[in-house]
Amino acid sequence: MAYNHKVELSKPERFVGGHRLCAGCGAGITCRAMMRALDPGDKAVVTNATGCLEVSSFLYPYTAWEDSYIHSAFENASATCGGVEAAYNALKRKGKIKENYKFLTIGGDGGTYDIGFQSLSGAMERGHDMVYFCYDNEAYMNTGIQRSSSTPRFASATTSPAGTVSNGKKQNKKDLTEIMAAHAIPYVAQTTFIGNFKDFHQKAHRAIYTPGPAFVNVMAPCPRGWQYPAHLLPDICRMAVETCVWPLYEVIEGRYYLSYVPRKKLPVEEFMKLQGRFRHCFSRGNEWTIEAAQHYVDEKWEKLLAKCE
Amino acid sequence: MSIRDRLSGNEAIAYAMRQINPDVFAAFPITPSTEIPQYFAQYVADGKVDTEYVTVESEHSSMSTCIGAAAAGARAVTATSSAGLAFMYEVLYVAASSRLPITLACVNRTLTGPININNDHSDSMGARDTGWIQIYAENNQEAYDNYLQAMRISETPDVRLPIMICQDGFITSHAVENILLEEDDAVKAFVGEWDPEHALIGRDHPLAVGPYDTCPYCMEHNVQQAEAMKNAKRAVLEVAADFERTFGRHYGFFESYRMEDAEVALVLIGSTAGTAKACVEKLRAEGVKAGLIKVRVFRPFPFEEIAEALSGVKAVAVMDKSEGYSGAGGPLFAEVRSACYDLKDRPEMIDVVFGLAGRDCAVGDIERVYRHLLKIVTTGETGPRYIHMGQRTSEKEVL
Amino acid sequence: MSISAKNINEHSPWQEMTPGGEIYEGGTARLTKTGEWRSDVPVWDPVKCRQCLLCAPFCPDSSIPVVEGKRLDFDFDHCKGCGICWNVCPFQAIEMKKEVRE
C-alpha cells in the first residue's frame with residue numbers, strides 16, 4: 001500500500017490540540033501518527049497507562065481523543081485493553097455490536113518496560129487482537145525523569161544522576177522490542193519520527209491491521225528529560241537512526257526486516273552531544289563512556305544485521 | 001419450580017454464572033476459589049455459555065480485564081480469594097470510582113500472614129474501604145441466591161457500583177450441602193440484560209473513562225460515589241423483594257434469629273451463623289433469651305437497622321472472624337458499636353475475635369460466649385472489650 | 001440528558017458533573033486554549049510555503065490544520081510555540097518570533 005502523505009495528513013484529527021503535554025513532546029506526535037494510521041470509518045478504543053500522556057490528554061473534563069478512551073491504572077493498560085477486546089468479541093457474537101473496532105493501547109516506557117511489563121507480556125501471550133504502542137522517552141518522565149529500564153547507559157536521570165562518583169545509569173537499555181519478538185506475536189516494529197512519517201505510518205498501519213497482537217516501539221524524545229531545546233526533536237530522531245542507536249526494523253511472523261540502513265553510519269556522539277543528559281560524557285577523562293556507548297551500539301547493530309533478511 | 005440438588009458453594013456459584021451467561025470471565029486461580037474458574041472453563045469448553053474466557057496472568061490483570069470489559073458495556077465477572085484480592089487492591093478502587101458494575105465471587109481466605117489457605121474474613125474486610133458492595137453468605141444456598149441478585153443491585157442506574165459476593169473458604173466453598181436451584185429461564189428472566197446508556201463501544205458517541213481529576217473536581221466525584229453507596233441500600237432491598245416474589249426466599253440486610261425478646265445476642269458474619277443457631281436453640285431450651293444477628297450486607301453498612309435490632313438487648317458479643325489489628329477490636333465490632341452509640345438503651349458490647357485462619361469454632365465455643373454475656377448481665381461488669389477466642393495460650397484468658 | 005463538558009467547570013456542583021468522571025464526547029480538550037502558554041510564536045509565509053506538508057505531522061498539538069492536501073495558518077488557540085515546524089521546514093517558510101501579548 002503506497003503511502004500518500006497528503007492524503008494521510010488531510011484526515012480529520014483524532015488527537016486534538018488543547019492537551020497539557022509540554023511544548024515539543026514526542027508523545028503528542030506519537031498519538032497523532034498512531035490515530036492517522038486507522039483507516040477512515042474504523043472506530044477505535046484507546047487504552048492508556050498512567051503517565052505524561054494520560055494526565056495530559058484526559059484531564060477532567062477535557063479529552064484530547066475523538067475516539068473512546070479508557071485509563072484505569074499505571075501497570076495494567078494491556079490487561080484493560082484485553083478486557084475491552086474480549087467484551088467486543090462477546091458482544092459482537094451476541095449480535096449487540098455491528099461496527100468494526102480497533103484496540104490500541106499506548107503507554108510510556110515506564111508503564112511498558114517496567115511496571116506494565118507483566119500485563120503486556122500476558123496480553124501478548126493470550127493473543128488479543130490489539131496493538132501496543134510504546135512512546136519510549138527513556139525515563140519515568142511524569143514523576144520527574146527517574147530512570148527506567150529503558151534509560152540508556154550513561155544517561156543522567158534523577159534516580160541515576162551523573163555526579164562526582166557516578167556517570168549516570170549503570171545498566172544498558174533493556175531491549176523490549178527483542179523481548180516482544182521473542183513472544184512470537186505476528187508483528188513487532190521499531191520506529192520514530194523521520195521525514196514524511198512514512199516509516200511510522202506503514203508500521204502502525206500494518207500493526208493495526210494484522211490480526212492478533214502487535215507491538216510498536218516509538219522513540220519519542222522528551223525536551224525536559226533529555227535536556228535539549230524543544231525544536232531539536234527532528235534532529236535527535238534523525239541522529240538516533242543515522243548512528244544506529246535506534247534502528248528502524250520490523251519482525252513479521254518471526255522474520256527480521258531492516259527498514260533503513262544509513263549510507264554512512266555516524267558516531268554515537270552525534271546523537272549524544274545534542275542532549276544535556278549525556279553532557280558529563282563529554283568531560284575530560286570521560287572519553288571511555290563514549291567509547292563504551294559506541295561499542296555497545298556497534299555490537300547490537302551487527303547482531304541485528306545478522307538476523308535481518 | 002426450584003430444583004433440589006447437592007452442590008458445594010463453589011459449584012453453586014459456577015452454576016449461577018452459567019445460568020447468567022456473562023460476557024467476559026477473567027480467570028486466575030487461587031485456593032479456595034480456584035474451582036470456580038475451573039468449573040466455568042468446562043462450561044466454556046462444552047459450549048454451554050457464550051462467555052469470552054480470558055485466562056489472565058495475575059489477579060491485578062483479572063480485575064483490569066473486568067474494568068475494560070464493563071466499560072465496554074459487557075457483563076464482566078471474576079473470582080478470587082485472599083492474596084488475589086489483595087493484589088487487585090489498587091484496581092478495586094478504580095472499578096468503584098469508575099462506577100462499573102462488576103461481580104466478583106470472593107471465597108474468603110485469610111490474608112493476615114503467615115501464609116495459610118483457610119477461612120477468615122481478613123481479605124474482604126481489608127477491601128471494605130474500596131467502595132465495593134459486599135454481601136456475605138452463611139451457606140451454599142445463600143451464596144447462590146446472593147449471586148443471582150448481585151448484578152441487578154450493581155447495575156441499578158443510581159448505584160453503578162461493583163459488588164463482591166462472599167462465602168467462607170472451604171467451610172462453604174467445598175462442603176456439599178442440599179440446595180434449591182432455580183430454572184435457567186427463570187434466572188435469565190430475573191437477572192435480565194444490561195444495556196448501559198454509555199459504553200466504549202457500540203454507541204453513537206465515544207466514551208472517555210478514567211480522567212486525571214484535578215483538585216477542583218475530585219471531591220465531587222467522591223461524594224457522588226458516596227451517594228451511590230447510600231442508594232445501594234435501597235437497591236439491595238428492592239432486588240431482595242423481587243427475589244422473594246419470584247423465588248420465595250427472603251433476604252434483607254441481616255438475619256435476625258430469635259431476636260424478638262433476646263437479652264443476650266451475637267452479631268456475626270458467615271458460616272459460623274449455622275453453628276451459632278444450633279447453640280441458640282440449645283440455650284433457648286434452657287430458658288435463656290439468646291438471639292443472633294447474622295450480617296448479610298456489610299457494604300453498605302446497615303447502620304440504623306442494626307442499631308434498632310440491638311436496641312433493648314442487654315449484652316452483645318460481636319464476633320469478628322478477622323483481626324484488623326486496630327488494637328481495639330475487629331472491623332465488625334467497630335461498625336456495630338458505632339451504630340449503637342446513638343441508642344438510648346445501649347447494650348453492653350464486647351468484641352470476640354475468633355476463627356482466624358480457619359481455627360475451628362464449635363457449638364461449645366459459641367456457648368462459652370453466651371455464658372460470658374450472661375455473666376456480664378448478672379454481675380454488671382463487662383470486663384475487657386476486646387478478646388480473642390480459640391488460641392492456645394499459657395495465660396488465663398477470658399474465654 | 002448527558003452532561004456536556006462545556007457545561008462543567010470548577011463551580012459545578014457534584015450533581016451537575018458526570019458520574020465517575022466520564023465524558024460522552026470526543027475532543028473536548030479543544031476548549032482549553034493552550035496557545036496562552038507560548039513565549040515564541042511561529043509565523044507562516046504562505047508565499048514561501050510549497051505545501052510539502054513536512055511540518056504537519058511533527059506538530060505535537062495538532063496546530064497545523066490540513067484541508068484537502070493543503071496546510072492553512074496555525075491554530076493559534078493551541079500552538080505552544082515549540083519550534084519543531086520551523087526546524088523541519090525545508091523552505092524557510094516558517095519563522096519564530098517572540099510572542100507579544102496585549
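Quick caveat, the model's predicted, so the values are computed rather than measured.

In this assembly, 39 residues from chain B lie in contact with 39 residues from chain A. Listed by contribution, the elements that provide at least two residues to the side of chain B that touches chain A are strand 3 (52-55), helix 3 (59-71), helix 5 (89-97) and strand 9 (208-209) of chain B. The residue makeup of the side of chain B that touches chain A, split by class, is 21 nonpolar, 12 polar and six charged. In this sheet, strand 9 of chain B lies alongside strand 4 (residues 68-70) of chain A in parallel orientation, the contact comprising two bridges. Each residue of the ladder has a partner; that of Ile70 of chain A, found in strand 9 of chain B, is Val209 of chain B.

This part takes up unusual backbone geometry. Following Tyr60 of chain A, the chain continues into Pro61 of chain A via a peptide bond in cis, with omega recorded as -5°. Here Pro61 of chain A shows up in the loop between strand 2 (58-59) and strand 3 (62-63). A cis amide bond links Arg299 of chain B to the next residue, Pro300 of chain B, at an omega of 0°. Even without being glycine, Ala184 of chain A reaches a positive phi, approximately 55°. Along the chain, Ala184 of chain A turns up in the loop between helix 7 (176-182) and strand 9 (187-191). Owing to 13 C-beta atoms within 10 Å, Ala184 of chain A belongs among the partly exposed residues under this scheme. Phi angles above zero are rare outside glycine, and Ser82 of chain B is one such case at about 45°. With respect to the helices and strands, the residue Ser82 of chain B is situated in helix 4 (residues 82-87).

Turning our attention to the domain arrangement of chain B. Residue and element names in this part refer to chain B. If you check the domain split of chain B, you get domain 1 (3-247) and domain 2 (254-389). Averaged C-alpha coordinates put domain 1 and domain 2 at centres separated by 28 Å. Across the contact, 26 residues belong to domain 1 and 21 residues belong to domain 2. Elements supplying a minimum of two residues to the side of domain 1 that touches domain 2: helix 6 (122-126), strand 6 (133-136) and helix 9 (215-247). Among the elements that line the side of domain 1 that touches domain 2, the one with the most residues is helix 9, at five residues. Residue composition of the side of domain 1 that touches domain 2, grouped by class: 10 nonpolar, 10 polar and six charged.

The rules behind these values
- Residues numbered from 1 in each chain as written.
- Chains lettered and ligands numbered in written order.
- Predicted model: local features only at pLDDT ≥ 70, side-chain atom pairs only at ≥ 80, totals over all residues.
- Contact = placed C-beta atoms within 7 Å.
- Helix = DSSP H or I, 4+ residues; strand = E, 2+ residues; numbered from the N terminus.
- Nonpolar A, V, L, I, M, F, W, Y, C, P; charged D, E, K, R; others polar.
- Pairing = 2+ DSSP bridges.
- Buried ≥ 20, exposed ≤ 12 C-beta atoms within 10 Å, placed from the backbone.
- Domains from an automatic or database assignment.

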